[in-house]
Amino acid sequence: MNIVVIFEEKLFSFHYENELDNEYDRLMNLWTDPGYLQAYAKKNNVKDVYGFIDDILQHAEEIQDFLENLSQNKKPFGFYFEPLQDSEAKRTILPFQKGKIRKNQLRLYAIKLDANCFVITGGAIKMSQKMDAHPDTKNELVKLNNARNYLNKNGVVDEDSFVELLNENL
């Protein structure tokens, strides 16, 4: 498991051993691939396949633009990420976060390392209200837990200890 920088050492992404790309790049490639989106829509019994594809393509671009804007304007990534659940809002060490833009069904999932430092663990097309109601989001919960366990096992409790881990793995 590797971790790579996405934006200016404040937004990172896991790069899992069995994947060609880190999670951010992998998801953006999938979410901007009409062939993948068409197969996904059919697999999930979406009625308006072409409307779905158009929406997801637009939503992916919106996320990319939003994150790039935050980075260029030196704004905190906390404007995009929020606690995954109410219980995570109370957690002080390595809380789960979801990236969310209003009326956008794409989610990036991350662990908050500090006020403006996040590491993406994965993401999904939101097809249900509850994460455990769809196989994709259920899998993302597993990835969030595995990532937090990995960080805990390596002594990560904040941004400083995270940077130490990254420096050790260079």
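Residues numbered from 1 in each chain as written. Predicted model: local features only at pLDDT ≥ 70, side-chain atom pairs only at ≥ 80, totals over all residues. Heavy atoms only, no water.

S.K.: Tell me about the environment of N2, and please be specific about residues and values.
M.R.: If you trace the backbone, N2 turns up in strand β1 (residues 2-7). Once the C-alpha coordinates of N2 and H15 are considered, the two residues, 13 residues apart in sequence, prove to be 5.0 Å apart. Setting aside chain neighbours within four positions, we find N2 in contact with S13, F14 and H15. (Helix = DSSP H or I, 4+ residues; strand = E, 2+ residues; numbered from the N terminus. Contact = heavy atoms within 4.5 Å.)

S.K.: If you had to explain the side chain of R26 to someone new, which residues and values would you point to?
M.R.: Within the secondary structure, R26 is located in helix α1 (residues 23-31). Separated by 2.9 Å, the side chains of R26 and E23 make a polar contact. What R26 contacts, discounting residues up to four positions off in sequence, is E19, D21 and K143. (Polar contact = N/O pair within 3.5 Å; in protein donor to acceptor, adjacent residues only side chain to side chain.)

S.K.: Please provide a residue-by-residue account of unusual backbone geometry, values included.
M.R.: Not every positive phi belongs to a glycine, and N45 is a case in point at roughly 55°. Within the fold, N45 resides in the loop between α2 (34-43) and α3 (49-72). With phi around 60°, K103 is a residue other than glycine that occupies positive phi space. Owing to a relative accessible area of 72%, K103 belongs among the exposed residues under this scheme. (Buried < 20%, exposed > 50% of the residue type's maximum accessible area, 1.4 Å probe, protein only.)

S.K.: Before we move on, could you go through α1 and cite the residues and values that matter?
M.R.: Owing to its 3.6 residues per turn, the α-helix aligns residues three or four sequence positions apart on the same side. Of all the residues in α1, the buried ones are E23, Y24, R26, L27, M28 and W31. Two or three places before Y24, at the opening of α1, N22 has a side-chain oxygen 3.0 Å from that residue's backbone nitrogen.

S.K.: Can you tell me about the sheet that holds strand β4 (residues 96-99), naming the residues and giving the values?
M.R.: The six strands lie next to each other as β1-β2-β6-β5-β4-β3, forming an open sheet whose pairing is mixed. Lying at the two open borders of the sheet, with one neighbouring strand each, are β1 and β3 (81-83). Pairwise comparison of adjacent strand axes, ignoring direction, gives a mean angle of 40° for this sheet. Here strand β5 (residues 106-114) pairs with strand β6 (residues 117-125) via eight bridges, running antiparallel. When the sheet's bridge partners are listed, Y109 is paired in β6 with G122. Across the sheet, α3 lies against β1, β2 (11-15), β5 and β6, angled at about 25° from β5, the strand it touches most. (Pairing = 2+ DSSP bridges. Axes fitted to C-alpha atoms, helices over the stretch in contact; angles between N-to-C directions.)

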